[in-house]
Number of protein chains: 2
Amino acid sequence: MTVSSLRSPVHADTLDAAFDVVRSEGLRLSATRRMVLQALFAADGPLTAERIATGLDGRFPPLEVASVYRNLETFESIGLVRHVHLGHGAGRYALTRAGEREYVLCEACGDARALPPAELDDVRAAVRAATGLDARFSHFPIVGVCATCREEGRRAHP
Amino acid sequence: MTVSSLRSPVHADTLDAAFDVVRSEGLRLSATRRMVLQALFAADGPLTAERIATGLDGRFPPLEVASVYRNLETFESIGLVRHVHLGHGAGRYALTRAGEREYVLCEACGDARALPPAELDDVRAAVRAATGLDARFSHFPIVGVCATCREEGRRAHP
DNA sequence: ATACTTGCAAATGATTTGCCAGTGT
DNA sequence: ACACTGGCAAATCATTTGCAAGTAT
């Protein structure tokens, strides 16, 4: 796998809907899988496997990281989950629930925003014109310096 | 460090010019450093530290990977070198010699292209309009599907 | 001479894998 | 019942670090 995920996103808007997706793929719905999904639904942004494994810092029972990785990979293969790289360090996983998300990261302040793809359609058109590529910013974010940091002359993260 | 490099690019178009840059920064020009730079100059694209350490598969004497990493980091800190992430796996390092480069990657065939920033100015303008960010595609590439792969219906890398 | 560098080994962080016991269907 | 999963330990990959010995200036 270069970078991309294999299947189109699956829109499971609720925990139960996600459970159904798992079952409908012929996969088993174990306690571990339920917890992973629950953590993903409870999160406000993409999570590292580590953070899921610690049950969002104790909010949920702890899991084996290896199992978390295995399940995230499984979920990714059926389009339920995607992962992004927000800078160096561990990848971050999120549900594709309300459709794909694309990311924008300020390298100066470290702030990351998730956007619905429609907001980047002009960017996509410009990329297409310049390179022929049909671009997607869901695996690697658009990296740059945000307006605020630019004004304050910030260039790199502390 | 989030993602970015610290200093503006240094244009050393020849090996000797690069040596001078190293010296002029008050750094020592060791045999190892000379070899790393030589490998980078001999390369056609960005290299992994591993590949530099093996002397481009035997074309040059082998080096310690740890030293290679240390030197690449040093060179990066003075703007002589930058590294990109082309998909998963090891980062790839290249000279900034002829100015910054930005990257475009097809996630279906794995093909990566390096472009002079000017070719992406329209993209940058679109990103600015959509997000306020001043974007750089030199650390994370623009990822998407190229025209050829799109026509052939390819979606993910073998 | 002396501070900067290297080599080598060991540590770290992220992710994967093997294997056998456990369990969802 | 039986194939799919989980736990746990160990392996792997990319990168970093500690420290004593070597060397550029």
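To be clear, the structure that these remarks concern was listed above.
Residues numbered from 1 in each chain as written. Chains lettered and ligands numbered in written order. Predicted model: local features only at pLDDT ≥ 70, side-chain atom pairs only at ≥ 80, totals over all residues. Heavy atoms only, no water.

### Looking at the overall build of chain A
Across its full length, chain A carries seven helices and six strands. Taken along the three principal axes of its C-alpha coordinates, chain A extends 50 × 35 × 25 Å. Burial analysis of chain A (158 residues in total) assigns 50% to the buried set. Sequence separation of 24 or more characterises 55% of the internal contacts of chain A that already satisfy a separation of 6 or more. (Helix = DSSP H or I, 4+ residues; strand = E, 2+ residues; numbered from the N terminus. Buried < 20%, exposed > 50% of the residue type's maximum accessible area, 1.4 Å probe, protein only. Contact = heavy atoms within 4.5 Å.)

### Describing the relation of the copies chain A and chain B
Rotating chain A by 180 degrees and moving it 0.0 Å along the rotation axis overlays it on chain B with an RMSD of 0.1 Å. Overall, the copies show the geometry of a two-fold rotation axis. Both copies share a contact surface, since 100% of the interface residues of chain A are interface residues in chain B too. (Least-squares fit on C-alpha atoms with pLDDT ≥ 70 in both.)

### Topic: the sheet that holds strand S5 (residues 134–136) of chain B
In space, the four strands of this open sheet follow the order S4(A)-S3(A)-S6(A)-S5(B), with mixed pairing throughout. Strands at the two margins of the open sheet, each flanked by one partner only, are strand S4 (112–115) of chain A together with S5 of chain B. Geometrically, the sheet is characterised by an average inter-axis angle of 35 degrees between neighbouring strands, direction not taken into account. Note: strand S6 (residues 142–145) of chain A against S5 of chain B, three bridges, orientation antiparallel. Residue pairing in the sheet places Val 145 of chain A in a bridge with Asp 134 of chain B of S5 of chain B. Here helix H6 (residues 121–131) of chain B sits on the sheet in contact with strand S3 (102–106), S4 and S6 of chain A together with S5 of chain B, set at roughly 135 degrees to S5 of chain B. (Pairing = 2+ DSSP bridges. Axes fitted to C-alpha atoms, helices over the stretch in contact; angles between N-to-C directions.)

### A short note on unusual backbone geometry
Phi at Leu 56 of chain A takes a positive value of approximately 55 degrees, unusual for a residue other than glycine. Along the chain, Leu 56 of chain A falls in helix H4 (residues 55–58). The backbone of Asp 57 of chain B shows a phi angle near 60 degrees, a positive value even though the residue is not glycine. Looking at the secondary structure, you find Asp 57 of chain B in helix H4 (residues 55–58).

### Describing helix H5 (residues 65–77) of chain A
Residues and elements named next belong to chain A. End to end, H5 covers 18 Å across 13 residues, agreeing with the expected 18 Å (1.5 Å per residue, within 8%). All of the buried residues along H5 are Val 68, Asn 71, Leu 72, Phe 75 and Glu 76. Seen end-on, H5 carries its buried residues on one side only, within an arc spanning 140 degrees. Exposed side chains of H5 directed beyond 90 degrees from the buried face belong to Arg 70 and Glu 73. In this fold, the buried residues of H5 make contact with helix H1 (15–24), helix H2 (31–42), helix H3 (49–53), strand S1 (81–84) and strand S2 (92–95). Positive backbone phi, at 85 degrees, marks Gly 79, one or two positions downstream of H5. (Expected span 1.5 Å × (residues − 1). Arc of directions from axis to C-beta.)

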